[in-house]
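Spelled out, the chains give:
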Amino acid sequence: MPELTAFEGDLEPDEDYEGARFADATFDEAAAGGCHFLDCSFVSVSFSGGRLRKSRFTDVTLRDTRFVATDLAETGWQDTTLAGCVLAGVQAFSAALRRVTFRDGKLDSVNFRNAVLTDVAFEDCVLRDADFASATLLRVSFAGCTLTGADFTKATCTEVDLRGAQLGITGGYESLRGVTIDSVQLVTLAPYLARHLGIVVDG
């Protein structure tokens, strides 16, 4: 990758940003929908509010970056890594993620409804109240993650690997058909699966 150029100023909608390095910057209420970030890096950047709807992130690395109450709906993410990042109150419905890695991050109340996640890895992340309802998950893994209040209602899961995660699932047990779990997780999930299937455990 060629040397990146430091970016200064404000983001504008429908712009192409190629080879830019965003560092130690704060974007409050950014209006940057429809942008394309290609071969860019974000380091210690903060987005508060704002709208990045329909923007695309291709070959991008994000480290120690925060998205708080940011509109990321209908965004596209490809060959991108988010390390040590925080997403809180983020709208990411109908987003498309392909070959994306979330590592050592925190995702709090992120709306992934109707999103399509392909070859996505969550590694050692904390996901609280993540909403995957009606999402499509293909080859998605959650190694070392903690899920609390996760909703998989009407999600489509194919080759999803939940092994090594602490599972707190509030809805969508029927969508777990075909996922891979370990024996410890099975013991944890058994009472909820039994209740969902109407099985009475007595004695």
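Just so it is clear, the model here is predicted, and its values are computed rather than measured.

Chemist: Got a minute to help me understand the overall build of the protein in this structure?
Modeler: The number of helices and strands found in the protein is 1 helix and 21 strands. Relative to the 2.2 N^0.38 estimate, which gives 17 Å for 203 residues, the radius of gyration of the protein is 18 Å and therefore close to what a compact globule would have. With 203 residues in all, the protein has 45% of them scored as buried. When contacts within the protein are restricted to residue pairs at least 6 apart in sequence, long-range pairs at least 24 apart make up 2% of them. Carbon and sulfur atoms make up 47% of the accessible area of the protein, which totals about 10000 Å².

Chemist: Any chance you could explain the sheet that holds strand S16 (residues 126-128) here in plain terms?
Modeler: Sheet strands pair by backbone hydrogen bonding; their relative direction is either parallel or antiparallel. In spatial order, the strands read S4-S7-S10-S12-S14-S16-S18; together these 7 strands make up an open sheet with parallel pairing. Each edge of the sheet is formed by a strand with only one pairing partner; in this case those strands are strand S4 (26-28) and strand S18 (146-148). Neighbour-to-neighbour, the strand axes of the sheet open up by a mean angle of 5 degrees, direction not taken into account. Relative to S16, strand S14 (residues 106-108) runs parallel, the two sharing 3 bridges. Following the sheet pairing, leucine 107 is matched in S16 by leucine 127.

Chemist: In this structure, what is going on with the pairing of strand S17 (residues 136-141)? I would like to understand it.
Modeler: Looking down a regular strand, the side chains alternate between one sheet face and the other. Alignment of strand S15 (residues 116-123) against S17, held across 5 bridges, turns out to be parallel. By the bridge assignment, alanine 121 is partnered in S17 with serine 141. Where S17 lies against strand S20 (residues 156-158), 3 bridges are found, and the strand directions are parallel. The partner of threonine 136 across the bridge, within S20, is threonine 156.

Chemist: I'm lost on a nonpolar patch on the surface in this one. Help?
Modeler: Taken together, the side chains of Leu197, Ile199 and Val201 make up a nonpolar region of the molecular surface, amounting to roughly 330 Å² of accessible area. As for its position among the elements, valine 201 is in the segment after helix H1 (183-197).

Chemist: Help me understand the packing of aromatic side chains, please; the structure alone is not making it clear to me.
Modeler: The description of an aromatic ring pair uses the distance of the two centres, along with the angle that the planes make with each other. Counted by the stated rule, this structure contains 20 aromatic pairs. When the ring of phenylalanine 7 is compared with that of tyrosine 17, the centres are 5.6 Å apart and the planes differ by 85 degrees; the resulting orientation is edge-to-face. With a gap of 10 residues between them, phenylalanine 7 in the loop between strand S1 (5-6) and strand S2 (16-18) and tyrosine 17 in strand S2 connect regions that are remote in the sequence. Assessed through its relative accessible area of 23%, phenylalanine 7 is described here as partly exposed. Overall, tyrosine 17 belongs to the buried group, its relative accessible area being 10%. Here the aromatic rings of phenylalanine 57 and tryptophan 77 are separated by 4.0 Å at their centres, their planes lie at 5 degrees, and the arrangement is stacked. With a gap of 20 residues between them, phenylalanine 57 in strand S8 (residues 56-58) and tryptophan 77 in strand S11 (residues 76-83) connect regions that are remote in the sequence. With respect to burial, phenylalanine 57 and tryptophan 77 carry one shared label: buried. By the ring-pair criterion, three or more aromatic residues cluster together here, those being Phe7, Tyr17, Phe22, Phe27, Phe37, Phe42, Phe47, Phe57, Phe67 and Trp77.

Chemist: It is not clear to me how the pattern of salt bridges should be interpreted in this structure. Could you clarify?
Modeler: When the charged atoms of two side chains with opposite charge come close together, those side chains can pair. Enumeration over the complete set of coordinates arrives at 10 salt bridges. Linking aspartate 161 and arginine 163 is a salt bridge whose minimum nitrogen-to-oxygen distance equals 2.6 Å. On the basis of relative accessible area, aspartate 161 is assigned to the partly exposed category, the value being 21%. On the basis of relative accessibility, which here comes to 44%, the residue arginine 163 falls in the partly exposed class. Through salt bridges with shared partners, a single network forms among Arg51, Arg53, Asp71 and Glu74.

Parameters and conventions
Residues numbered from 1 in each chain as written. Predicted model: local features only at pLDDT ≥ 70, side-chain atom pairs only at ≥ 80, totals over all residues. Heavy atoms only, no water. Helix = DSSP H or I, 4+ residues; strand = E, 2+ residues; numbered from the N terminus. Rg over C-alpha atoms; globule rule 2.2 N^0.38 Å. Buried < 20%, exposed > 50% of the residue type's maximum accessible area, 1.4 Å probe, protein only. Contact = heavy atoms within 4.5 Å. Areas by Shrake-Rupley, 256 points an atom, 1.4 Å probe, with all protein chains shown as cover. Pairing = 2+ DSSP bridges. Axes fitted to C-alpha atoms, helices over the stretch in contact; angles between N-to-C directions. Patch = residues over 30% accessible without salt bridge, like charges linked within 9 Å, V, L, I, M, F, W, Y side chains within 5 Å. Salt bridge = Lys/Arg side-chain N within 4 Å of Asp/Glu carboxyl O. Phe/Tyr/Trp six-rings, centres within 6.5 Å; stacked < 30°, edge-to-face > 60°.

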